[in-house]
Amino acid sequence: MDHFLYRDGALFAEDVPVAEIAAAVGTPFYCYSTATLERHFRLFDEALEGMEHLVCYAMKAASNQAILKTLAALGAGMDVVSGGEYARAIAAGVPGERIVFSGVGKTREEIHAALSGGIRQFNVESEPEMAVINEVALELGVVAPITVRVNPDVDAKTHAKIATGKSENKFGIPISRAREVYAHAASLPGLKVIGIDVHIGSQLTQLEPFRLAYEKVAQLTEELRADGHEITRLDLGGGLGIPYTRSNDAPPLPTEYGALVKETLGHLGCEIEIEPGRLIAGNAGIMVSKVIYVKEGEDREFMIVDGAMNDLIRPAMYEAHHDIVPVVEAEAGIEKRRYDIVGPVCESGDTFAKERMMEPIAAGDLIAFRSAGAYGAVMASEYNSRPLIPEVLVNGDQFAVIRRRPTLDEMINRDTIPEWL
Ligand code: LLP
């Protein structure tokens, strides 16, 4: 459920007409709903009720300061994967003890910054990384709390580019080697082993892969305890999928996911962390774009819009489907037409949808890409020298620009010309 609904034929973001925002900020832009962000965070928080837990929002999904502050105010922790994300979380007022540091290649500098500024734990991805965290901790005279990310060799049954839990993926250490790696970690004086971390992929639409992974984590917890390690915290990663279409085969709900966590891991008495990103932000955001031209093709029409693959790369990169709806609803019963919906970038890959049946659209009309709140703005680039598009946050009947559109001069003047030119 989200808060982008039609009222009398006009698309609203909560209580604000989307067309009104478009008139104020120009197109294209991203628009987020506070109520949806809050609702999705609470769903997870409530799903884990009864277990000691922390929901650490995977801020890679959408990392605007205003979004982080909205979630942090509800008690969210943050899952960060770079020094940049760590700095953003701190800047948004998230205390270090609520920030977990994931990511497959943390640099010495990033580790240093997190250990100096405060960190809940590092999710260690390899033995060489473990050695560096130990060294930096000793240099600073602190002890770094760690979990080790284990790779359970489970098929997440999702798009290959976002599956992370198979042995062929670059993530974590093979679960078969875990006991050996934990023994090594326990021997390093700069580290304190506190738990286990696992994350098997993103946009999972079934619970079964989670079950397989969590059962393996439960077994490993018992084995590590028998080896003398104090395992008090389990970080279960993110990955629960969202409905991108309004069909019947919706992914499992957070409540069902929470029940699975309790069933597979509840008996261990560990504190649970989860790292959802997409489910919190995905359906809390839309990208609004204006139709520039409608061009006749041989067997279809091309709807050329002012948003492009640099603004929302998911269709080009993952063949992802986004529902695309008009901001002004068409009259009931009007015959649909067949459109390829494309951006202006000079690549055929700049195609948002092929042969999409939609109500007739004309140049100047506004359309909205639904489910664009996660992995939308954060994956944008300035390809074709298109400035990053603004982000807007709605809260009830108010809205605010939370990142403005840079001017062309600002974009160009980031370049510097060498003296010899
Ligand atoms: N934790 C870790 C360690 C992760 O790598 C990720 C996502 C998450 C949590 C959050 O997963 P989520 O709950 O959002 O599924 N750009 C792709 C998705 C990449 C996901 C990367 N890791 C897309 O647009 O589909």
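Residues numbered from 1 in each chain as written. Predicted model: local features only at pLDDT ≥ 70, side-chain atom pairs only at ≥ 80, totals over all residues. Heavy atoms only, no water.

(A) Structural view of the overall build of the protein. Tallying secondary structure elements over the protein gives twelve helices and 21 strands in all. Taking 2.2 N^0.38 as the reference for a compact globule, 421 residues should give roughly 22 Å; the C-alpha atoms of the protein span a radius of gyration of 23 Å, in line with that estimate. With the principal axes as the frame, the protein shows a C-alpha extent of 70 × 60 × 40 Å. Each of the 421 residues in the protein was classed as buried or not, and the buried ones make up 53%. Within the protein, counting contacts between residues at least 6 apart in sequence, those at least 24 apart form 70% of the total. Positive and negative side-chain charges of the protein, numbering 40 and 62 respectively, have mean locations separated by a distance of 1 Å. (Helix = DSSP H or I, 4+ residues; strand = E, 2+ residues; numbered from the N terminus. Rg over C-alpha atoms; globule rule 2.2 N^0.38 Å. Buried < 20%, exposed > 50% of the residue type's maximum accessible area, 1.4 Å probe, protein only. Contact = heavy atoms within 4.5 Å. Lys, Arg positive; Asp, Glu negative; His and termini not counted. Charge placed at Lys NZ, Arg CZ, Asp CG, Glu CD.)

(B) Just the site of the ligand, in detail. In the vicinity of the ligand, 18 residues are found, and the nearest of them are S202, E275, R314, Y318 and Y375. Between an oxygen atom of the ligand and a main-chain N or O atom of G277, the distance comes to 2.9 Å. The contact in question runs from an oxygen atom of the ligand to an N or O atom on the side chain of R314, over 2.6 Å. In isolation the ligand exposes 590 Å². Once the protein is present, 91% of that is buried. Each residue belonging to the shell around the ligand can be placed in one class, and the counts come to six nonpolar, six polar and six charged. Counting the residues that make up the shell around the ligand, at least three belong to each of domain 1 (4-31 + 282-412) and domain 2 (34-280). (Near = heavy atom within 4 Å. Polar contact = N/O pair within 3.5 Å; in protein donor to acceptor, adjacent residues only side chain to side chain. Areas by Shrake-Rupley, 256 points an atom, 1.4 Å probe, with all protein chains shown as cover. Nonpolar A, V, L, I, M, F, W, Y, C, P; charged D, E, K, R; others polar. Domains from an automatic or database assignment.)

(C) Structural detail: unusual backbone geometry. Geometrically, the link from T27 to P28 is a cis peptide bond, its omega value of -10 degrees lying close to zero. Among the secondary structure elements, P28 is positioned in the loop between α1 (18-25) and β4 (29-33). Positioned with a positive phi, D153 is a non-glycine residue whose angle comes to about 55 degrees. When you line up the elements, D153 lands in the loop between β9 (144-151) and β10 (173-174).

(D) Inspection of the layout of surface pockets at higher detail. Estimates place the volume of the largest pocket at around 760 Å³. As for the largest pocket, its lining consists of 38 residues, of which K60, T164, F171, H199 and Y375 are closest to the centre. Of all elements in the fold, only α10 (278-281) and α11 (314-318) reach the threshold of two or more residues within the lining of the largest pocket. Mapped onto the domain boundaries, the lining of the largest pocket takes at least three residues apiece from domain 1 (4-31 + 282-412) and domain 2 (34-280). (1 Å grid on protein atoms, 1.4 Å probe; cavity = no way out; pocket = protein on both sides within 12 Å on 5 of 7 lines; lining within 4 Å. Points joined across faces, edges and corners; volume = space filled by probe spheres on them.)

(E) Layout of the nonpolar core. With 99 residues, the main nonpolar core has Y57, F122 and I341 as its most contacted residues. Of all hydrophobic cores here, the second largest spans 18 residues; its members include I21, L366, V392 and V394. (Core = buried A, V, L, I, M, F, W, Y, C linked by side-chain atoms within 4.5 Å.)

(F) Expanded view of the side chain of E110. Tracing the chain through its elements places E110 in helix α5 (residues 108-117). Polar contacts involving the side chain of E110 include one to the main-chain amide nitrogen of T107, which spans 2.9 Å. Not counting the four nearest positions on each side in its chain, E110 is found in contact with S82, G83, F101 and G105.

(G) Fine view of the sheet that holds strand β2 (residues 10-13). Spatial ordering of the open sheet is given by β1-β2-β3, a layout of three strands whose pairing is antiparallel. This sheet does not close on itself; its edge strands, each paired only once, are β1 (4-7) and β3 (16-17). For β1 and β2, the ladder comprises four bridges, and the chain directions are antiparallel. The residue of β2 that forms the bridge with F4 is A13. (Pairing = 2+ DSSP bridges.)

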